[in-house]
Amino acid sequence: MTSGARSYLDHNATSPVRPEVASAVARALALPGNPSSIHQEGRAARHALQTARAALAALLGATLERITFTSGGTEAANTVLSGALRKAGLPAPTRLMISATEHPCVAAGHRFAPDAVEVMPVDGAGLLRLDVLAARLEACRDEAVLISVHAANNETGVVQPLAEIVRLARAHGRALVHSDAVQAVGKIPLDFAALGLDALTLSGHKFAAPKGIGAMVLADGVSLEAAFLRGGGQEARLRGGTENLSGIVGMGEAAAIARSSLEAEAVRLAGLRDGLEARLRALAPDIVVFGEGAPRLPNTLSFAVPGLAASTALIALDLAGLSVSSGSACASGKVARSPVLAAMGVSPALAAGALRVSFGWNSRPEDLERFAAGFERVVSSLYQRRGQAA
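If you're wondering where the values come from, they're calculated on a predicted model, not measured in any experiment.

Criteria and thresholds
- Residues numbered from 1 in each chain as written.
- Predicted model: local features only at pLDDT ≥ 70, side-chain atom pairs only at ≥ 80, totals over all residues.
- Heavy atoms only, no water.
- 1 Å grid on protein atoms, 1.4 Å probe; cavity = no way out; pocket = protein on both sides within 12 Å on 5 of 7 lines; lining within 4 Å.
- Points joined across faces, edges and corners; volume = space filled by probe spheres on them.
- Nonpolar A, V, L, I, M, F, W, Y, C, P; charged D, E, K, R; others polar.
- Domains from an automatic or database assignment.
- Pairing = 2+ DSSP bridges.
- Helix = DSSP H or I, 4+ residues; strand = E, 2+ residues; numbered from the N terminus.
- Axes fitted to C-alpha atoms, helices over the stretch in contact; angles between N-to-C directions.
- Contact = heavy atoms within 4.5 Å.
- Salt bridge = Lys/Arg side-chain N within 4 Å of Asp/Glu carboxyl O.
- Buried < 20%, exposed > 50% of the residue type's maximum accessible area, 1.4 Å probe, protein only.
- Phe/Tyr/Trp six-rings, centres within 6.5 Å; stacked < 30°, edge-to-face > 60°.
- Parallel < 35°, antiparallel > 145°, perpendicular 65-115°, else oblique.
- Left-handed = near helix turned anticlockwise from the far one by under 90°.
- Core = buried A, V, L, I, M, F, W, Y, C linked by side-chain atoms within 4.5 Å.

1. Re empty space enclosed by the protein
Taken as a whole and judged by the stated rule, the model has two cavities of 30 Å³ or more. Here the largest cavity is characterised by a volume of approximately 240 Å³. By residue class, the composition of the lining of the largest cavity is ten nonpolar, six polar and four charged. Looking at the lining of the largest cavity, you find at least three residues from each of domain 1 (7–15 + 261–389) and domain 2 (19–257). When its volume is computed, the second largest cavity comes out at roughly 30 Å³. If you go around the second largest cavity, the residues you meet are Leu 59, Leu 60, Val 185, Gly 186, Ile 188, Leu 190 and Leu 262.

2. Comments concerning the sheet that holds strand β5 (residues 117–120)
Spatial ordering of the open sheet is given by β2-β9-β8-β7-β6-β4-β5, a layout of seven strands whose pairing is mixed. Strand pairing shows two members of the sheet lacking a second neighbour, β2 (67–70) and β5, which therefore form its edges. Looking at each pair of strands side by side, their axes are set apart by 20 degrees on average, direction ignored. Here five bridges tie strand β8 (residues 199–203) to strand β9 (residues 214–218), and the two strands are oriented antiparallel to one another. By the bridge assignment, Thr 201 is partnered in β9 with Met 216. Helix-sheet contacts for helix α5 (residues 130–139) involve β4 (95–99), β5, β6 (145–148) and β7 (175–180), and the interaxial angle to β5 is about 155 degrees. In this fold helix α6 (residues 162–172) packs onto β6 and β7, with an angle of close to 160 degrees to the strand it touches most, β7.

3. Thoughts on the pattern of salt bridges
For the structure on display, the rule yields 22 salt bridges. For Glu 292, the salt bridge identified is with Arg 281, shortest N-O distance 3.0 Å. Placement of the pair is Glu 292 in the loop between β11 (288–289) and β12 (300–304) and Arg 281 in helix α9 (residues 245–283), with a sequence separation of eleven residues. A residue is classified by how much of its surface remains accessible, and Arg 281, at 29% relative accessible area, is partly exposed. A salt bridge links Asp 367 to Arg 370, with the nearest nitrogen and oxygen atoms 3.6 Å apart. Note that Asp 367 and Arg 370 are positioned in helix α13 (residues 365–389) at a spacing of three residues, about one turn of the helix. When its relative accessible area of 8% is taken as the criterion, Asp 367 is described as buried. When salt bridges with common partners are traced through the structure, they connect Arg 95, Glu 118, Arg 136 and Glu 143 into a single cluster.

4. Section: the sheet that holds β11
With respect to topology, three strands assemble into an open sheet ordered β11-β12-β14, the strand pairing being antiparallel. If you trace the sheet from one side to the other, it starts and ends with β11 and β14 (355–358), each paired once.

5. Considering the packing of aromatic side chains
The tally for this structure, following the rule as stated, stands at three aromatic pairs. Ring centres of Phe 303 and Phe 375 lie 5.5 Å apart, and the angle between their planes is 85 degrees; on these two criteria the pair is classed as edge-to-face. Of this pair, Phe 303 sits in strand β12 while Phe 375 sits in helix α13, and the two are 72 residues apart along the sequence. For the residue pair Phe 303 and Phe 375, the accessibility class agrees, reading buried in each case.

6. With respect to the packing of α5 against α6
For any two helices packed against each other, one specifies the crossing angle of their axes together with the interaxial distance. Where α5 contacts α6, the axes come no closer than 10 Å and their chain directions differ by 15 degrees. Put simply, α5 runs roughly parallel to α6. In this structure, α5 crosses over α6, and the sense of that crossing is right-handed. Seen from α5, the contacting residues are Leu 130, Leu 133, Ala 134 and Leu 137; seen from α6, they are Glu 164, Ile 165, Leu 168, Ala 169 and His 172.

7. Observations concerning the nonpolar core
Grouped together as the largest cluster of nonpolar side chains are 79 residues, with contacts concentrated most on Leu 56, Ile 147 and Leu 202. Ignoring anything within four residues of it in the chain, the contact list for Leu 202 reads Leu 56, Leu 60, Gly 72, Gly 73, Val 182, Val 185, Phe 207, Gly 214, Ala 215, Val 217 and Met 251. In this structure, Leu 280, Ile 287, Leu 301 and Ala 310 belong to the second largest nonpolar core, which totals 27 residues.

Structure, rendered in structure tokens:
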């Protein structure tokens, strides 16, 4: 067991709930009414729900009425990719195109037949190959297509060119675009309407809201063929069941805070990320930074040092009071080879050492210093063993 202060540097897995959000959740828990009830208590609950919906809409540049609350990003993405998404004037999508670096909620969460799914390659930096997407769309000119590309990758932080992807879809004429924006919301500006997306999905716990709450956003003219949870007709009859009011209020509070500090916080976090990257390069000259040269989330640093196993490093860092990740947090706690890095052409040996540091709202310069010191001990041991083996 470790004693003393710890540095939590795994915000891409879950960002701890802000105190202001926890207070908002507590207030919502004290509301006795059901948002569907017409009496005073019900109206108060409904007002809290709609206030939170408006705060999320303001952060996303979306229309309030087009937001549907879900249990999280996975449910939302599974719903969009269920085959029920429709756009007025267009046929139902019969083909799905996704990037090779999608989160499992997209890569394994859709309901398209295997032979109707195409996986688009990425380049060495993790960016979608737009030339390949354009060629495939041209080849599928007579088909209705659903394109799903994440806004930012959870492991590397690489930000995808959504505006260009939407432009290619519109040129095709019969393609819809969905983005899993779980990692981007609350970290970088993301304007749903300006991008021209047809659907967007998100999860609250990635930007300091509670776990277990997310949302699906649909553009005007885009709908679901049928409700994905049938019941009392809540959420514009798209998702039956009494709403998770406390979670929704918490996500609304987190959205309002993120919107008020988005630009300044991005600058602050990028400073921490870049400062740590410089320190690590000085400690380990042969370090490889994944996604280097591509636009990245300001808070995310993914890297490996040849010969350093992630499993060994994670244990040593944890004992030193440092909470980081080997990549995605959605692999049942296992350290396994990353399909994201494989798609980027990273060798299995190097990928086995991948570590991810992700800063957040409660990260401070002392966290950077603590990680640099802990990592120096880990990498010094590696270099010492190399010297002995030489």
